[in-house]
Amino acid sequence: MKSDELFALLRRRGFLWPSSEIYGGAQGLFDYGPLGVALKRRLEEAWSAWFLGLSDDYHAIQPSELLPEAVVRASGHLENFTDPEVTCGHCHHAFRAETVLEKVRPEGVDGLSATAIAELVAQHRIACPSCGQAALTVPAPFNLMFGVDFGVTGREKAYLAPETAQGSYLAFARMWEVGRKTLPLGLAVIGRAYRNEIAPRQVLFRMRAFTQAELQVFFDPASFAVPFSAVRDERLPVLRADRRAAGATDVEWTSAAELVAGGLPEFYVFHLAHLFRFFRDVLGYPAERIRLFEKSEVERAFYNRIQFDAEVRLDSLGGFRELGAVHYRGDYDLGRHAKGSGKDLAVTLTDGRRVLPHVLEITFGIDRNLWALADLHLAVEDERTVFRLPAYLAPIPLGVLPLLKKEHGPYARSLLDRVRRAGVPAAYDASASIGRRYARMDEAGAPYCVTVDGETVDPSHPAHDTVTLRQRDSRAQERVPVEGLAARLAEPLRPPRPPAPDAAAS
Ligand code: GAP
């Protein structure tokens, strides 16, 4: 489906729409409606179940989204969190350099200087995408952070967090104190990030306010052991930087063990494999659409020692798009904050060594993945629109439908109450024909519907207290007892967890 069509569908069903829509919309800002909120929440729950499930030493925290200026100065964001901008001398529109150069330089402009970008623009006589004139120039780098006045005097400045990661770096010292004082220590944040993107576009793909789910694992590089046997034989679709440099564009399915034999650390490959499995096994992205794209030394941020972006091929956006990544950031972050705050952030390990922990970051864009779920699972087929989400991601796991509103409504309502109390989020729909209601539930992604009919409510009928259970994907229907319904749905509605670390290690 094209991006416009997909967005129109999601907007019509009230999943999401442009913010401040009655004022014509605000670029890069979107509001979620009830189905969007529920889907986002389930995606966040699935992310937490999976990544916090990797270790008992990984914990969720919720840091502030406002960062004092001293923090972003120390982190390097004040100086370096910029995007190369290109402006048109004729119509004065501004564009991201990466966007205007994407045809001549599909690998992006990461690591290129402003002079090198200006040369590319001139050499290829790139025209302004807005007015068509060849009048593009490259001005000073544009800082993407939103600064705000902080406090009543107006003299202090704070910044909206450009990434959730900083909150975890700031929390490390406190969490070391309150925790078991051992490494690894993982801090996971699901929170908002804000970036004044030069050219917000492609709906949820480049937003100015969005949600990230990020896990920062603090570890001692000399002793970080993971249960690698759990992933050893997993084959991963990698596109290595050296193969790309030699002209390769296709992935090579490589086992986790082979990647380690080739020089990558076990702890890195273990988490990369779990990001891949999360995409394939939890979000249901087809394996052949996923690629783990290694960034070369010039392409990645200078503090990243290893970076593989997890990309997925999306028809609505015309190709592979980055939806998450694994970054090995070394001791850059705690080193910078130790310097900026004047606090020693090194820790003493049980063997007496004093270590400034390194950081492994697993990052994941909630909004981008919500879009990817819609791109890959929402289909128009056989005259119906069906959102084939895995059951545990469905905004409405169960639809409760009385065949006739008046006669079967009271029973259906009490069934609704019963399943909700048993922990199954369910929605009631009694309006229009049963066919129309199934269609609405299919579009909303409800994996199951139960229909209450005359037999259900008739105490003298053998089928009393049974309902018709309809499966969204197959449209198969079966008669099931009301008793035990919630228990039957509990398993498919539970988000998967990775194998228990101890079991995997043995
Ligand atoms: N802490 C590392 C970090 O922030 P990033 O690649 O800049 O790295 C991480 O962002 C994730 O956040 C990306 O994988 C992407 O999914 C999401 N993301 C980044 N910028 C975004 C934007 N403007 N709109 C929506 N999602 C975005």
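Residues numbered from 1 in each chain as written. Predicted model: local features only at pLDDT ≥ 70, side-chain atom pairs only at ≥ 80, totals over all residues. Heavy atoms only, no water.

Asker: Which residues make up the site of the ligand, and what values do they have?
Answerer: The environment of the ligand is formed by 19 residues, the closest being Glu-163, Arg-195, Glu-214, Glu-322 and Glu-361. With respect to the ligand, the side chain of Glu-361 contributes an N or O atom lying 2.7 Å from a nitrogen atom. Arg-368 is positioned with one of its side-chain polar atoms (N or O) 3.4 Å from a nitrogen atom of the ligand. The protein chains hide 90% of the 550 Å² of surface that the ligand would expose on its own. For the shell around the ligand, the secondary structure elements donating two or more residues are strand 13 (209–219), strand 18 (319–330) and strand 21 (358–365). Counting residues per element, the shell around the ligand draws most heavily on strand 18, at four residues. Broken down by class, the residue content of the shell around the ligand amounts to six nonpolar, five polar and eight charged. (Near = heavy atom within 4 Å. Polar contact = N/O pair within 3.5 Å; in protein donor to acceptor, adjacent residues only side chain to side chain. Areas by Shrake-Rupley, 256 points an atom, 1.4 Å probe, with all protein chains shown as cover. Helix = DSSP H or I, 4+ residues; strand = E, 2+ residues; numbered from the N terminus. Nonpolar A, V, L, I, M, F, W, Y, C, P; charged D, E, K, R; others polar.)

Asker: So what about unusual backbone geometry? Which residues, and what values?
Answerer: Of note, the bond from Leu-183 into Pro-184 is cis; its omega dihedral lies within 30 degrees of zero at 5°. Following the sequence through the fold, Pro-184 ends up in the loop between helix 7 (165–178) and strand 12 (185–194). Positive phi outside glycine occurs at Ser-20, with the angle close to 50°. Its place among the elements puts Ser-20 in the loop between strand 1 (16–18) and strand 2 (30–32).

Asker: Which residues make up the sheet that holds strand 6 (residues 85–88), and what values go with them?
Answerer: Taken together, three strands build an open sheet; the order of strands is 7-6-8 and the sheet is antiparallel. Of all strands in the sheet, those bounded by a partner on one side alone are strand 7 (94–96) and strand 8 (136–137). Of the pairings in the sheet, the one linking strand 6 to strand 7 comprises three bridges and is antiparallel in character. Residue pairing for strand 7: Val-86 is matched across the bridge by Phe-95. (Pairing = 2+ DSSP bridges.)

Asker: Describe the nonpolar core, and please don't skip the residues or the numbers.
Answerer: Counting residues in hydrophobic clusters, the biggest one holds 84 residues, and the most contacted among them are Leu-16, Phe-278, Phe-279, Leu-283 and Tyr-285. Ranked by the residues each element gives to this core, the list is headed by helix 10 (residues 266–282), at eleven residues. When residues of this core are sorted by domain, at least three fall in each of domain 1 (3–81 + 144–376) and domain 3 (387–490). Excluding its chain neighbours within four sequence positions, the residues that come into contact with Leu-16 are Phe-7, Leu-10, Arg-11, Phe-30, Asp-31, Tyr-32, Gly-33, Val-203, Leu-204 and Leu-370. In terms of nonpolar packing, the next biggest core, distinct from the first, is built from 21 residues, Val-400, Val-424, Leu-489 and Leu-493 among them. (Core = buried A, V, L, I, M, F, W, Y, C linked by side-chain atoms within 4.5 Å. Buried < 20%, exposed > 50% of the residue type's maximum accessible area, 1.4 Å probe, protein only. Domains from an automatic or database assignment. Contact = heavy atoms within 4.5 Å.)

Asker: Help me get a handle on the pattern of salt bridges, residues and values and all.
Answerer: Inspection of the entire model under this criterion finds 41 salt bridges. Linking Asp-309 and Lys-295 is a salt bridge whose minimum nitrogen-to-oxygen distance equals 3.5 Å. One end of the pair, Asp-309, is in strand 17 (residues 306–314); the other, Lys-295, is in the loop between strand 16 (290–294) and strand 17, with 14 residues separating them in the sequence. Each member of the pair, Asp-309 together with Lys-295, is buried. Here Arg-479 ties to Asp-453 by a salt bridge, and the two come within 2.8 Å at their closest N and O atoms. Residue Arg-479 is found in strand 28 (residues 477–481), and its partner Asp-453 is found in the loop between strand 26 (448–452) and helix 15 (454–457); the two are separated by 26 residues along the sequence. Its relative accessible area of 13% is what places Asp-453 among the buried residues. (Salt bridge = Lys/Arg side-chain N within 4 Å of Asp/Glu carboxyl O.)

Asker: Please give an account of the pairing of strand 16 that cites residues and values.
Answerer: Counting buried positions over the five residues of strand 16 gives five, a clear majority of the element. Burial along strand 16 is two-sided: the face carrying Ile-290, Leu-292 and Glu-294 and the face carrying Arg-291 and Phe-293 are both buried. Strand direction decides the pairing type here: strand 14 (residues 235–239) and strand 16, joined by two bridges, are parallel. Considered in strand 16, the bridge of Leu-239 is made with Phe-293. As paired elements, strand 16 and strand 17 share five bridges and run antiparallel to each other. Across the sheet, Leu-292 pairs through a bridge with Ala-310, a residue of strand 17.

Asker: So, the sheet that holds strand 10 (residues 147–150): which residues are in play, and what are the values?
Answerer: Sheet architecture is open: three strands sit in the order 4-11-10, paired in antiparallel fashion. Each having just a single partner strand, strand 4 (66–68) and strand 10 make up the two edges of the open sheet. The sheet shows a mean angle of 40° between the axes of neighbouring strands, direction not considered. As paired strands, strand 10 and strand 11 (residues 156–160) are joined by four bridges and run antiparallel to one another. The partner of Val-148 across the bridge, within strand 11, is Ala-158. (Axes fitted to C-alpha atoms, helices over the stretch in contact; angles between N-to-C directions.)

Asker: Explain the pairing of strand 17 residue by residue, including any values.
Answerer: Within strand 17, eight of the nine residues are buried, which leaves it mostly tucked inside the rest of the structure. As judged from the nine bridges shared by strand 17 and strand 18, these two strands associate in the antiparallel manner. Of the residues in strand 18, the one forming a bridge with Leu-314 is Gly-319.

Asker: Requested: an account of the packing of aromatic side chains, with residues and values cited.
Answerer: Scanning the model with the defined rule gives 21 aromatic pairs in all. Aromatic pair Tyr-268 and Phe-308: ring centres 5.9 Å apart, planes at 50°, arrangement tilted. A residue pair is termed long-range when its members are at least 10 positions apart, and Tyr-268 in helix 10 and Phe-308 in strand 17 qualify at 40 residues. For the pair Tyr-268 and Phe-308, a shared accessibility class is recorded, and that class is buried. An aromatic cluster of at least three residues, connected via ring pairs, comprises Trp-47, Trp-50, Phe-51, Phe-278, Phe-279, Tyr-285 and Phe-364. Arg-368 extends its terminal NZ or CZ atom over the ring of Phe-205, reaching a point 3.8 Å from the ring centre. Over the ring of Tyr-438 we find Arg-470; its NZ or CZ atom is 4.3 Å from the centre of that ring. (Phe/Tyr/Trp six-rings, centres within 6.5 Å; stacked < 30°, edge-to-face > 60°. Lys NZ or Arg CZ within 6 Å of the ring centre and 35° of its normal.)

Asker: Tell me about the packing of helix 7 against helix 11 (residues 332–341), residues and numbers included.
Answerer: Between helix 7 and helix 11, whose axes approach to 10 Å, the crossing angle comes to 65°. Judged by the angle between their axes, helix 7 and helix 11 are roughly perpendicular. Handedness of the crossing formed by helix 7 with helix 11: right-handed. On helix 11, the residues touching Gln-166, Tyr-169, Leu-170 and Phe-172 of helix 7 are Asp-333, Leu-334 and His-337. (Parallel < 35°, antiparallel > 145°, perpendicular 65-115°, else oblique. Left-handed = near helix turned anticlockwise from the far one by under 90°.)

Asker: Give me the side chain of Arg-472: which residues, what numbers.
Answerer: Looking at the secondary structure, you find Arg-472 in the loop between strand 27 (466–471) and strand 28. Residue Arg-472 is classed as buried on the basis of its relative accessible area of 3%. With sequence-adjacent residues up to four places away left out, Arg-472 is seen in contact with Arg-384, Val-386, Phe-387, Arg-388, Leu-389, Asp-442, Gly-445, Ala-446 and Pro-447.

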